[in-house]
Amino acid sequence: MQVDTQTPIKIHLTTKVRMDNDEETYELTVFGRHYQKGQTIYLKYDEIQEQGTVHTVVKITKKEAFILRTGLLKMRLNFSLHEQKNGSHESELGTLFLTTDTKRLIHHETNDGCTGRLSLAYELAMQGTVAGYYEMDIDYEEDK
């Protein structure tokens, strides 16, 4: 795949959040773009919300994943299996320091390179306090 080739994709994001005895599930389906630079895969999409738009880039390498959000809010999450990684969440209220402790990081992609799944499980801490256990699946396929 060429570096500058961006393929339209459909993305289905499922996030389960467990905190104490509560569990909530969030689902989102959006359309975005898939491209690759070297061995790094990028998924880009926008979330349109009442207050504004959130631009999201998911960066996937062989050993790590990153979620970068800009626009209405700024957030950076880093994932590396069995490692604690620092991140941040900025809003009009200020900056929160985040830490992810990744328990699962699995990425599968088909040979054509535009269909796949990124599966993450991680403990999230905000300002040093555990904020929950997250399971996130990002399924994507070429939008034909």
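Only a predicted model underlies this, so the values are computations on that prediction, with no experimental measurement involved. (Residues numbered from 1 in each chain as written. Predicted model: local features only at pLDDT ≥ 70, side-chain atom pairs only at ≥ 80, totals over all residues. Heavy atoms only, no water.)

Caption draft 1: Quick look at the sheet that holds strand S8 (residues 94–109). Strand order in the closed barrel formed by 10 strands is S1-S2-S3-S4-S5-S6-S7-S8-S9-S10, with antiparallel pairing between adjacent strands. Each strand axis lies, on average, 25° off the axis of its neighbour in the sheet, ignoring direction. Alignment of strand S3 (residues 40–49) against strand S4 (residues 52–60), held across nine bridges, turns out to be antiparallel. Paired with Lys44 across the two strands is Val57, which belongs to S4. (Pairing = 2+ DSSP bridges. Helix = DSSP H or I, 4+ residues; strand = E, 2+ residues; numbered from the N terminus. Axes fitted to C-alpha atoms, helices over the stretch in contact; angles between N-to-C directions.)

Caption draft 2: Just the pattern of salt bridges, in detail. One pass over the structure, following the stated rule, counts seven salt bridges. One salt bridge connects Arg18 with Glu23, and the closest N-O pair in it is separated by 3.6 Å. Residues Arg117 and Asp139 are paired through a salt bridge, measuring 2.6 Å at the closest nitrogen-oxygen approach. Linking Arg117 in strand S9 (residues 116–126) with Asp139 in strand S10 (residues 129–142), this pair joins segments that are 22 residues apart in sequence. When salt bridges that share partners are traced, they join Arg18, Glu23 and Glu135 into one network. (Salt bridge = Lys/Arg side-chain N within 4 Å of Asp/Glu carboxyl O.)

Caption draft 3: View of the packing of aromatic side chains. Considering all chains together, one arrives at three aromatic pairs under this definition. For the pair Tyr35 and Tyr42, a centre-to-centre distance of 4.9 Å together with 10° between the ring planes defines the contact as stacked. Since its relative accessible area comes to 11%, Tyr35 is described here as buried. When the ring of Tyr122 is compared with that of Tyr134, the centres are 5.3 Å apart and the planes differ by 10°; the resulting orientation is stacked. (Phe/Tyr/Trp six-rings, centres within 6.5 Å; stacked < 30°, edge-to-face > 60°. Buried < 20%, exposed > 50% of the residue type's maximum accessible area, 1.4 Å probe, protein only.)

Caption draft 4: Representation of the environment of Ser91 in the model. Summarising the element assignment, Ser91 is placed in strand S7 (residues 84–91). Expressed as a C-alpha distance, the spacing of Ser91 and Gly71, which sit 20 residues apart in the sequence, is 9.9 Å.

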